[in-house]
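Summary of the model geometry
Residues per chain are reported as follows:
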Amino acid sequence: MTIWLWKKKQAVDSFDKKPSMQNLTALASLIGGLLIGLSASAMLLFDGKITGISGIFAGILSPTKGDTVWKVCFLAGLIVGGVLLRLFLPHAFDFGVVPSWGVLALAGLLVGVGARLGNGCTSGHGICGVSRLSARSIVATVTFVASGAVVVFVVNHLCKVSL
Amino acid sequence: MKAPLTSFISGIVFALGLGISGMTRPVKVIGFLDFAGSWDPSLAFVMIGAIGVYFVAYRWSRKMASPVLAAEFSVPTRSDLDGRLIIGAAIFGAGWGLGGFCPGPAITSLASGATPVMVFVAAMTIGMYLHKVIIEMSRTWLRSTSTIVEVATDS
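For clarity, every value in this text was computed on a predicted model and none was experimentally measured.

For the rest of this paragraph, the subject is the overall build of chain B. Helix and strand content of chain B: six helices and zero strands. Counting from the amino terminus, chain B carries its helices and strands in the arrangement α-α-α-α-α-α. Dimensions of chain B, computed from C-alpha atoms along their principal axes, come out at roughly 65 × 45 × 30 Å. When burial is assessed residue by residue, chain B has 48% of its 155 residues classed as buried. In chain B, the proportion of contacts linking residues at least 24 apart, taken out of those at least 6 apart, comes to 42%. Here chain B carries 11 positive and 8 negative side-chain charges, and the mean point of each set is 12 Å from the other.

Here you go:
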């Protein structure tokens, strides 16, 4: 498969050569996580909604009356936030080595089908559901982290390929 | 009008959180899932921050009669574990590990204008439609087979 070289090949090199935890960004990730938590909390306390992004996105694909405006507004906010990142923190879109289009298309299909079938993704299950101590969300989160880890293990260590 | 505004601002804050935490970068996500390689635990810190805040907010919300700007809370109440949940999460995780994107970061990253992100989001959209079509087809099929059974028992 062809390698999509985005910026540098540092990401690929890091798999074997760099010592563990070299890439850790603990403080930035914690601060970012707090912002994500605040955003989801505002959605709950003010609007009474769960911030499940796959559900919100699927909701505007098949809109129902009275339950669409807030979804459109939230997604518009995500895009505007993305524009702000592009202006003030361009590093956020320093994607590293990105898989070929074929692999990305397969990944997107799996994410789309899987998130709908499992009623949620990293935001709805992983953050909101786990915080509510929902058994369904905890099981879903453990399952998708495990299956993601298996796929990464197969790609990086068994096949040793760059997709 | 205030409720949609809250959604809009929350969307912006959510996107900034994703960007600052590094979660818009697939290399960080795949680094977290790469337990056998050079493991990058950053994503765990994102979860600690987000869950820490939301845990408190959810408990607070339980004491409120209604949300500040809406009539009622729409919080899921299901607690049963079914095959769909587990198979769906497993499929989702496989795609997440393969591409390093999940829906939130992917939609936020559309602002970068990068073609790979657009390919991912387009495929994700098709995946969601595909799921809808399959569910509707299986419902129709179930209905038609149950009709056949009814006809058979009638005669």
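This part is about the pattern of salt bridges. All chains considered together, the criterion is met by six salt bridges over all chains. The salt bridge partner of Asp67 of chain A is Lys49 of chain A, with a shortest N-O separation of 3.7 Å. Residue Asp67 of chain A is located in the loop between α3 (53-61) and α4 (69-88), and its partner Lys49 of chain A is located in the loop between α2 (26-47) and α3; the two are separated by 18 residues in the primary sequence. Lys49 of chain A gets classed as buried once you look at its relative accessible area, which sits at 17%. Between Arg136 of chain A and Asp82 of chain B there is a salt bridge, and its shortest N-O distance comes to 3.3 Å.

Another point: the nonpolar core. Counting residues in each nonpolar core, the largest one holds 59 residues, and the members touching the most others are Leu78 of chain A together with Phe92, Trp96 and Phe120 of chain B. Each residue touching Phe92 of chain B, except ones within four places of it in the same chain, is listed here: Leu110, Val111, Gly114, Ala115, Cys121, Thr122 and Phe144 of chain A together with Cys102 and Pro103 of chain B. If you look at the next biggest cluster of nonpolar residues, it comprises six residues, including Ala40, Leu44 and Cys128 of chain A together with Tyr54 of chain B.

Contacts between chain B and chain A engage 107 residues on the former and 113 residues on the latter. Of the roughly 9600 Å² buried where chain B meets chain A, counting both sides, 76% is carbon and sulfur surface. Broken down residue by residue, the surface that chain B buries against chain A is led by Phe14, Tyr54 and Leu98 of chain B, which jointly contribute 9%. Here chain B and chain A share one salt bridge between them. Along the contact surface separating chain B from chain A lie 21 residue pairs in polar contact (both at pLDDT 80 or more). Looking at which element gives the most residues to the side of chain B that touches chain A, the answer is helix α1 (residues 2-21) of chain B, with 17 residues. Of the residues belonging to the side of chain B that touches chain A, the class tally is 67 nonpolar, 29 polar and eleven charged.

This part is about the side chain of Ser42 of chain B. Mapped onto the secondary structure, Ser42 of chain B falls in helix α3 (residues 42-62). Of note is the side chain of Ser42 of chain B, whose polar atom sits 3.0 Å from the side chain of Lys28 of chain B. For Ser42 of chain B, the contacting residues outside a window of four places in its chain are Asn23, Leu24, Thr25 and Ser29 of chain A together with Met23 and Lys28 of chain B.

On the surface, Leu133, Ile138 and Val142 of chain A together with Phe55 and Val56 of chain B cluster together to form a nonpolar patch covering roughly 440 Å² of accessible area. Counting residues per element, the ones that place at least two in the nonpolar patch are α7 (135-158) of chain A together with α3 of chain B. Tracing the backbone shows Leu133 of chain A in the loop between α6 (122-131) and α7.

Moving on, we get to the confidence of the model for chain B. Residue-level pLDDT values for chain B average 93, and 94% of them are 70 or greater. Among the scores for the predicted complex, ipTM is 0.91 and pTM is 0.89.

Our focus in this paragraph is α3 of chain B. Here α3 of chain B contains 21 residues, and its C-alpha end-to-end distance of 31 Å stays within 8% of the 30 Å for a straight helix at 1.5 Å per residue. Taken together, the buried positions of α3 of chain B are occupied by Ser42, Leu43, Val46, Met47, Gly49, Ala50, Ile51, Tyr54, Ala57, Tyr58 and Ser61 of chain B. Looking at the buried positions of α3 of chain B, the neighbouring elements they touch are α2 and α6 of chain A together with α1, α2 (26-33) and α4 (83-99) of chain B.

The next point concerns the confidence of the model for chain A. Residue and element names in this part refer to chain A. Overall, the prediction assigns chain A a mean pLDDT of 88, with 86% of residues at 70 or greater. Summarising per-element confidence for chain A, the mean pLDDT is lowest in helix α1 (residues 10-14) (42) and highest in α4 (98). In this model residues 1-20 is a low-confidence stretch, pLDDT under 50, and it forms 40 contacts with partners more than four residues away in sequence or in other chains.

Cut-offs applied
- Residues numbered from 1 in each chain as written.
- Chains lettered and ligands numbered in written order.
- Predicted model: local features only at pLDDT ≥ 70, side-chain atom pairs only at ≥ 80, totals over all residues.
- Heavy atoms only, no water.
- Helix = DSSP H or I, 4+ residues; strand = E, 2+ residues; numbered from the N terminus.
- Buried < 20%, exposed > 50% of the residue type's maximum accessible area, 1.4 Å probe, protein only.
- Contact = heavy atoms within 4.5 Å.
- Lys, Arg positive; Asp, Glu negative; His and termini not counted.
- Charge placed at Lys NZ, Arg CZ, Asp CG, Glu CD.
- Salt bridge = Lys/Arg side-chain N within 4 Å of Asp/Glu carboxyl O.
- Core = buried A, V, L, I, M, F, W, Y, C linked by side-chain atoms within 4.5 Å.
- Buried area = accessible area lost by both parts, 1.4 Å probe.
- Polar contact = N/O pair within 3.5 Å; in protein donor to acceptor, adjacent residues only side chain to side chain.
- Nonpolar A, V, L, I, M, F, W, Y, C, P; charged D, E, K, R; others polar.
- Patch = residues over 30% accessible without salt bridge, like charges linked within 9 Å, V, L, I, M, F, W, Y side chains within 5 Å.
- Areas by Shrake-Rupley, 256 points an atom, 1.4 Å probe, with all protein chains shown as cover.
- pLDDT = per-residue confidence, 0-100.
- Expected span 1.5 Å × (residues − 1).

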